[in-house]
Amino acid sequence: MAAAVRIFLLVLLLLGPGGWGQAEPPRDSLREELVITPLPSGDVAATFQFRTRWDSELQREWVSHYRLFPKALGQLISKYSLRELHLSLTQGFWRTRYWGTPFLQAPSGAELWAWFQETVTDVDESWKELSNVLSGIFCASLNFIDSTNTVTPTASFKPLGLANGTDHSFLRYAVLPREVVCTENLTPWKKLLPCSSKAGLSVLLKADRLFHTSYHSQAVHIRPVCRNARCTSVSWELRQTLSVVFDAFVTGQGKKDWSLFRMFSRTLTEPCPLALESRVYVDITSYGQDNETLEVYPPPLTTYQDVILGTRKTYAVYDLLDAAVVSNSRSLNIQLKWKRPPENEAPPVPFLYAQRYVSGYGLQSGELSTLLYNTHPYRAFPVLLLDSVPWYLRLYVHTLTITSKGKENKPSERSPQPAPPPPLPLHVPQHLSSQGYIHYQPAQDRMQPHLLEMLIQLPANSITKVSIQFERALLKWTEYTPDPNHGFYVSPSVLSALVPSVVAAKPGDWEESPLFNSLFPVSDSSSYFVRLYTEPLLVSLPTPDFSMPYNVVCLTCTVVAVCYGSFYNLLTRTFQIEEPRKGGLAKRLANLVRRARGVPPL
């Protein structure tokens, strides 16, 4: 009995002063938010962000219990020694010229890029296994990622989280422009949310409404972040983002007024019980002199003002954790009405946007052209351009030309920081490589694609054209797709730049700021970082007439069947002489009738 008492006292001592009531605080947290932005074109953009932060070092600690952080992704980080992982599945194209600069743009199709730890010995093998595993998790065709569409950028994709080194040999990047996004990709994405689609903002994620839009993009971003201000320890952050653009004329039946129920066919009733923060932001910024352009109902209790993407914005804030927001009607249906037509306003034009197209005639040669627009009236800034071209488009690098305002524009002499420019290959044009930063990696047939990176200085209020000629290769007949006449897709160009701000931004608390303003923290008050993508291209290749084998087979089989069948019948048929038989009962009856009529018998 005394031994049992001593054990009980020892257990109480180990539990601490709080005894049995003392519980370890949770090491993970969840924040969710929805940003609704009326676009200058009259459409409405909705951006969901769900951030799960876990105060754990997955690669150093042995973790067996997962609470909010998805176990499938946590084991993925530990097994493949990932430093960062970024995956996006997009249907449609974000029109920067008419919709403005997005919070985080993604290319059409599937995009995957990852940083591996320096302890990984075979990066290519880990990359291949990682893409196959992600293909099964998200029900996507990521298993088609191989060496023919994978590149290793040297300057365009820096780590978004904590990074001790920038050895780009541990970076892999791939795009599948032909990937089609549908409900089978949305379902596993929603299952990674702590509340799934049962409570909180995720109840608005109704598949039939999300895919009835002009633009749909869902993404997963995993990166290590600092746990405290001194960054003495590391936490893992998982961001699940979903962006859609609704056509206001379709959803609003010809009107630009909108509401949550009109867009999503649902309203908000309660926050996710596991979330520490659940908010809805509505952009009520007016670009005209009259600030009473928009009317939001119900009236917001608070507003938020900050410099977002270089422009001062005003947002109406609805906190779902505030009982006064939902308790009045037990549901929140935010509505926005225009007091006067928004066509009278002049929304700001983005300082940077781009277009890409293919030109030429015939099926032998062509030209890839990229137009870079700098609409700033008096400031020039550099842009880092990345192009990944399939191997079956054989580039003539000596034809690479860059022109701005009718003059030759050499790549900038400033190299991207912090990584120094890599040594230039000998086949890079001398007039471009003598002073500027340019990196070109030639393609190998059926092995790897072309990779071209350049740092280009865009003059103020100018259009810069980057063009290069190519020759189409003739594929093997087994390498064509089932619909070869549809064409072959070329990955979009990637633009990374620090764009000048209209209003100087003040660096704030990264943890206290909204999620849409904390993916790229502001380090310079005079500029902000953006990453934009151009349209994917559709190129026709020399295609043989695949109907000819069918015609030859049909003709050959017909000739063989006729000839062989005739000879076979002659060789196997037995001929016999049949003796004439006397008539039967029918013939005798017929003769009787003929005699009665006076006709000779048969």
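Calculation notes
- Residues numbered from 1 in each chain as written.
- Predicted model: local features only at pLDDT ≥ 70, side-chain atom pairs only at ≥ 80, totals over all residues.
- Heavy atoms only, no water.
- Helix = DSSP H or I, 4+ residues; strand = E, 2+ residues; numbered from the N terminus.
- Buried < 20%, exposed > 50% of the residue type's maximum accessible area, 1.4 Å probe, protein only.
- Contact = heavy atoms within 4.5 Å.
- Areas by Shrake-Rupley, 256 points an atom, 1.4 Å probe, with all protein chains shown as cover.
- Phe/Tyr/Trp six-rings, centres within 6.5 Å; stacked < 30°, edge-to-face > 60°.
- Patch = residues over 30% accessible without salt bridge, like charges linked within 9 Å, V, L, I, M, F, W, Y side chains within 5 Å.
- Salt bridge = Lys/Arg side-chain N within 4 Å of Asp/Glu carboxyl O.
- Arc of directions from axis to C-beta.
- Pairing = 2+ DSSP bridges.
- Core = buried A, V, L, I, M, F, W, Y, C linked by side-chain atoms within 4.5 Å.

Per an unreviewed UniProt entry, the protein chain goes by Phosphatidylinositol glycan anchor biosynthesis class T and derives from Ovis aries.

Just to check I follow, could you spell out the overall build of the protein chain for this structure?
Regarding its fold elements, the protein chain presents 12 helices and 26 strands. Counting across all 602 residues of the protein chain, residues that qualify as buried make up 48%. Across the protein chain, contacts joining residues at least 24 apart in sequence account for 75% of those joining residues at least 6 apart. As displayed, the protein chain has an accessible area near 30900 Å², and 55% of this comes from carbon and sulfur atoms.

What's the story with the packing of aromatic side chains in this structure? I'm lost.
In this description, an aromatic ring pair is defined by two values, namely the gap between the centres and the angle between the planes. For the coordinates displayed, the defined rule picks out 18 aromatic pairs. A centroid spacing of 5.4 Å and a plane angle of 75° characterise the contact between W94 and Y215, whose relative ring orientation is edge-to-face. Taken as a pair, W94 in the loop between β3 (82–91) and α3 (96–99) and Y215 in strand β7 (residues 215–226) lie far apart in primary sequence, 121 residues in all. Y215 matches W94 in its accessibility class, with the two residues each being buried. These aromatic residues form a ring-pair network of at least three members: F48, F50, W189, F246 and F264.

Even after reading the chapter, I still don't get a nonpolar patch on the surface, so can you show me in this structure?
On the surface, V560, Y564 and Y568 cluster together into a nonpolar patch covering about 350 Å² of accessible area. Along the chain, V560 falls in helix α11 (residues 547–572).

What am I meant to see in helix α2 (residues 71–80) here?
Because each turn of an α-helix spans 3.6 residues, side chains separated by three or four positions in sequence point in the same direction. Residues L73, G74, L76, I77 and Y80 constitute the buried set of α2. Along the axis of α2, the buried positions cluster into a sector of 160°, meaning they face one direction only. Residue S81 follows α2 closely and has a positive phi angle near 50°.

Even after reading the chapter, I still don't get the sheet that holds strand β14 (residues 335–338), so can you show me in this structure?
Think of a sheet as strands paired side by side through backbone hydrogen bonds, with each pair either parallel or antiparallel. Strands sit in the order β9-β14-β11 across an open sheet of 3 strands; the sheet is antiparallel. The open sheet has two edge strands, β9 (258–259) and β11 (294–297), and neither has a second partner. The sheet contact formed by β9 and β14 spans 2 bridges and is antiparallel. Residue W258 lies in a different strand from β14, and its bridge partner there is L336.

What am I meant to see in the nonpolar core here?
Note that soluble globular proteins tend to have their nonpolar side chains buried in a common cluster. F48 and L130 are the most contacted members of the largest nonpolar core, which totals 68 residues. Of all the elements, helix α4 (residues 123–138) adds the most residues to this core, at 6 residues. Filtering out sequence-adjacent residues up to four positions away, F48 remains in contact with E33, L34, L201, L204, L205, Q240, T241, L242 and F264. Grouped together as the second largest cluster of nonpolar side chains are 39 residues, L385, V466, F488 and V490 included.

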